[in-house]
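# An overview of the molecular structure
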Amino acid sequence: MELLELIRNGEFRHFGGGRIESACGPLAAVDPSKLKMTVASGVSASIVILHTRADETVVDIELEPGASLVVDDLYLAETFAEVRIRQAADSRCRLTTVELQSANADYDIDLDGAGASFEAGGVFVGSDSDHCVVDLTTRHNVPDCTSSSMVKGVVSGKATGEFRGHVYVAPDAQRTDARQQSRNIELGDNAHVITKPQLEIYADDVKCSHGATVGQIDDDAVLYMRQRGLSEAEARRLQIEGFVSDVVMRCSVDESFREALNGCVKTKLERL
Amino acid sequence: MLSVKNLHARVADKEILKGIDLEVKAGEVHAIMGPNGSGKSTLASVLAGNEKYTVTEGEVLFEGRNLLELPVEERARMGLFLGFQYPVEIPGVTMANFMKMAVGEIRKYRGEEPLTAAEFLRMMREKCAIVELDTRMTSRAVNEGFSGGEKKKNEIFQMAMLEPKLAILDETDSGLDIDALRIVATGVTKLRTPENATVVITHYQRLLDYIVPDYVHVLYKGRIIYSGDKTLALKLEKEGYDWLINDYKE
């Protein structure tokens, strides 16, 4: 598998857990069953977590004050994952999640220090009888934190995709800024998306928004592309590639890794 | 090149085209004018192959082939181009990628070798220049966030890339300011050759100051009720349609 090759031969450092105390190159963890990670105060780090075989995994991440972390969490195999991220004051976390198989990714985010910010972008692509789940709980436990998420889904065949989003704002978490969006495309009558973005707000001075859409292929766009000479199948595929491309492009490791991931996504889209 | 005979078409239960006859030869420019709702855009959509419309009667030959039995993409590959009145936004798909695929399909159909990456880039640069489009536009998503003027310039850019035999431009002038109109119309004129033809659907005579038509047709209630040369457009601009359509009003 090309992604694995790149991780083994590229500039990634294998990471089995521990505390990151100074700036370092990109880290990678392949099929961890347990991963515990702390990013020390003021340090910036990035990690790719790659799931290549059916497994269960527990990831526990702690960001100390002012720490910053980029997480790319990639599911190429059926996996149950629990990912917990705790963020202290002024820490920043940017998560990208990509599910190309039946997978259940359960994210639990605690914003525990003022000024912390969390941002997530994700996509799941389900074909045949896949069941993809992204469950994202974000807790604003203190004032002045921001969070945003955009999770996209495409399902075909008899696949099911689920997005469960939950934003909790504690009673004194004033000036919270929280946004969550879920956008989905269902291909065919037997594919289903279940999306539940929820807000639970106990503070009164907050900016919170959420939204969800479930749609089909845009027929006008397909017609437009066919009028330029593309076949209907090409036009549909190109449109779906476009729909998921911004999430794939978020993956912040190097160009060749992103290209390889894009290749995996395209291969999956062929199955839709 | 294009021969339309007694074309009738409907959408849902409503008959919109009620017997169109139109002959377009290589090298010609035809303008189709007419009041709102007369069927101009429907004619363009039916010729392009939009499956929303059902042809109930008549015949259309394009380069000697029965156009009506061909799917949209095959008509496009044969060299029929439709400039959309409302170009569609396609998020996440860059213009460059879209055009690479479209040019690739059309060259394959013509039996031509695929372009190299360098040739393709040079071609995009040249064609952007025709409509004064910034080449950076090609790395943006198709029509997404484009201004009205950019969208219409982008239609002509695509026309330049695909080098069609017959271009049907559906109200390419609507929503354009004077400068954009001049750029778009000049672009179309630059693309004229003795081998290709253009059908311009428009409400306004001013577009025809730049794209000078050989024939002007007036479409009303699904029929071409009058044809003339370029002076007809000037007369319509001055006098409106009343003198023509009075006889056809119920």
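One can find the structure itself at the top, above this paragraph.
This report concerns the structure included in the present document. None of the values given here were measured: they were computed from a predicted structure.

## Details of the overall build of chain B
- Secondary structure assignment for chain B yields nine helices and twelve strands.
- For chain B, the residues scored as buried account for 43% of the 250 residues in total.
- Here the contacts in chain B between residues at least 6 apart in sequence split such that 72% fall between residues at least 24 apart.

## Observations regarding the packing of helix H1 (residues 2–9) of chain A against helix H4 (residues 255–270) of chain A
Residues and elements named next belong to chain A.
- As a packed pair, H1 and H4 sit with axes 9 Å apart at the nearest point and diverge in direction by 160°. Classified by the angle between their axes, H1 and H4 sit roughly antiparallel to one another. Crossing geometry of H1 relative to H4 is assigned as left-handed. On the side of H1, the interface is formed by Glu 2, Leu 3 and Leu 6, while H4 contributes Ser 256, Phe 257, Ala 260, Leu 261, Gly 263 and Cys 264.
- Across the contact of H1 with H4, the residue classes break down as six nonpolar, two polar and one charged.

## Side note on the environment of Glu 57 of chain B
Residue and element names in this part refer to chain B.
- Among the secondary structure elements, Glu 57 is positioned in strand E4 (residues 53–62).
- Judged by the 14 C-beta atoms lying within 10 Å of it, Glu 57 falls in the partly exposed class.
- C-alpha of Glu 57 to C-alpha of Ala 9: the two residues are 48 residues apart in sequence and 7.1 Å apart in space.
- Those residues in contact with Glu 57 that lie beyond four places of it in its chain are Asn 6 and His 8.

## With respect to the environment of Glu 73 of chain B
All names here are of chain B.
- Summarising the element assignment, Glu 73 is placed in helix H2 (residues 72–78).
- The exposure class of Glu 73 is buried, given the 24 C-beta atoms found within 10 Å.
- In this structure the C-alpha to C-alpha distance between Glu 73 and Lys 152, which are 79 residues apart in sequence, comes to 21 Å.

## What to know about the sheet that holds strand E2 (residues 18–20) of chain A
Residues and elements named next belong to chain A.
- Pairing within the open sheet is parallel, and its eight strands lie in the order E2-E4-E6-E8-E10-E12-E14-E16. Two strands in the sheet have a free side with no partner beyond their single neighbour: E2 and strand E16 (192–201). Adjacent strand axes in the sheet meet at a mean angle of 10° when their direction is disregarded.
- Across ten bridges, strand E12 (residues 131–140) lies against strand E14 (residues 160–169) in parallel orientation. Within E14, the residue paired with His 131 across the bridge is Thr 160.

## A closer look at the sheet that holds strand E6 (residues 80–83) of chain B
Residue and element names in this part refer to chain B.
- Reading across from one edge, E6-E9-E10-E3-E11-E12 is the order of the six strands in this open sheet, with mixed pairing throughout. At either end of the open sheet lies a strand with only one pairing partner, and these are E6 and strand E12 (223–228). Neighbour-to-neighbour, the strand axes of the sheet open up by a mean angle of 20°, direction not taken into account.
- Relative to strand E10 (residues 197–201), strand E3 (residues 29–33) runs parallel, the two sharing four bridges. From the neighbouring strand, Ile 32 faces E10, where its bridge partner is Ile 201.

## Comments concerning the nonpolar core
- With 79 residues, the main nonpolar core has Leu 47, Phe 81, Leu 166, Ile 168, Val 184 and Val 200 of chain B as its most contacted residues.
- In contact with Ile 168 of chain B, not counting residues within four places along its chain, are Ala 44, Leu 47, Ala 48, Phe 81, Leu 82, Gly 83 and Val 199 of chain B.

## Section: the interface of chain A and chain B
- Facing 18 residues of chain A, the contacting portion of chain B comprises 20 residues.
- Ranked by residues supplied to the side of chain A that touches chain B, first place goes to helix H3 (residues 232–250) of chain A with eight residues.
- Within the side of chain A that touches chain B, the residues separate by chemical class into six nonpolar, six polar and six charged.

## As for the pairing of strand E11 (residues 215–220) of chain B
- For E11 of chain B, the buried fraction is high: five of the six residues fall into the buried class.
- Between E11 of chain B and the antiparallel strand that follows it, E12 of chain B, lie two residues; Lys 221 of chain B among them carries a positive phi value of about 50°.

## Side note on unusual backbone geometry
- At Arg 175 of chain A, a residue that is not glycine, the phi angle is positive and equals roughly 55°.
- One can find Arg 175 of chain A in the loop between E14 and strand E15 (176–186).
- With a phi angle near 50°, Asn 6 of chain B is a residue other than glycine that sits in the positive phi range.
- Within the fold, Asn 6 of chain B resides in strand E1 (residues 2–11).
- The class of Asn 6 of chain B is exposed, set by 12 C-beta atoms lying within 10 Å.

## Notes on the pairing of E3 of chain B
Residue and element names in this part refer to chain B.
- With five of five residues buried, E3 is to be regarded as a mostly interior element.
- Of the two faces of E3, the one lined by Val 29, Ala 31 and Met 33 and the one lined by His 30 and Ile 32 are each fully buried.
- The pairing of E3 with E11 spans four bridges and is parallel. Note that in E11 the partner of His 30 across the bridge is Tyr 215.

## Topic: the packing of helix H2 (residues 219–227) of chain A against H3 of chain A
Residue and element names in this part refer to chain A.
- Running from amino to carboxyl end, H2 crosses H3 at an angle of 125°, the nearest separation of the two axes being 9 Å. Taken together, the axis directions place H2 and H3 in an arrangement best described as oblique. H3 is crossed by H2, and the crossing has right-handed handedness. Residue-level inspection shows Ala 221, Val 222, Met 225 and Arg 226 of H2 in contact with H3, the latter providing Glu 232, Ala 235, Arg 236, Leu 238 and Gln 239.
- Classifying every residue of the contact of H2 with H3 gives five nonpolar, one polar and three charged.

## Observations concerning helix H4 (residues 117–130) of chain B
All names here are of chain B.
- Look at H4: 20 Å from first C-alpha to last across 14 residues, which is about the 20 Å you get at 1.5 Å a residue.
- Among the residues of H4, those classed as buried are Met 124, Lys 127 and Cys 128. All buried residues of H4 project into a common sector of 105° when viewed along the axis, lining one side. Opposite its buried face, H4 presents the exposed residues Ala 118, Glu 119, Arg 122, Arg 125 and Glu 126, each directed more than 90 degrees away.
- For H4, the elements touching its buried residues are helix H3 (95–110) and helix H5 (148–162).
- Just past H4, the residue Glu 132 takes up positive phi, approximately 50°.

Rules behind the numbers
Within each chain, residues carry numbers counting from 1 in the order of the written sequence. Key to labels: chains lettered from A, ligands numbered from 1, both in the order written. Side-chain atom pairs in this predicted model are given and counted only at pLDDT of 80 or more, local residue features only at pLDDT of at least 70, and totals for whole chains, interfaces and linings cover all residues. The helix and strand labels rest on DSSP assignments: H or I over at least four residues marks a helix, E over at least two residues marks a strand, and numbering proceeds from the N terminus. Exposure is read from a count of other C-beta atoms within 10 Å of each residue's own; the residue is exposed at 12 or fewer, buried at 20 or more and partly exposed in between. C-beta atoms are placed from the backbone. By definition, residues are in contact whenever their C-beta atoms, placed on the basis of the backbone, come within 7 Å of each other. All axes are obtained by fitting lines to C-alpha atoms, using only the stretch in contact for helices, and the reported angles, taken between N-to-C directions, cover 0 to 180 degrees. Here the angle decides the label: under 35 degrees means roughly parallel, over 145 means roughly antiparallel, 65 to 115 means roughly perpendicular, and every other value means oblique. Should the near helix be turned anticlockwise from the far one by less than a right angle, the crossing is left-handed, and should it be turned clockwise, the crossing is right-handed. Under the scheme applied here, ten amino acids are nonpolar (Ala, Val, Leu, Ile, Met, Phe, Trp, Tyr, Cys and Pro), four are charged (Asp, Glu, Lys and Arg), and all others, including Gly, are polar. When DSSP locates at least two bridges between a pair of strands, those strands are taken to pair. Each nonpolar core consists of buried Ala, Val, Leu, Ile, Met, Phe, Trp, Tyr and Cys residues. Their C-beta atoms, within 7 Å, join them into a set. To estimate how far a helix should reach, multiply one less than its number of residues by 1.5 Å. As used here, the arc belongs to the directions running from the helix axis to the C-beta atoms.

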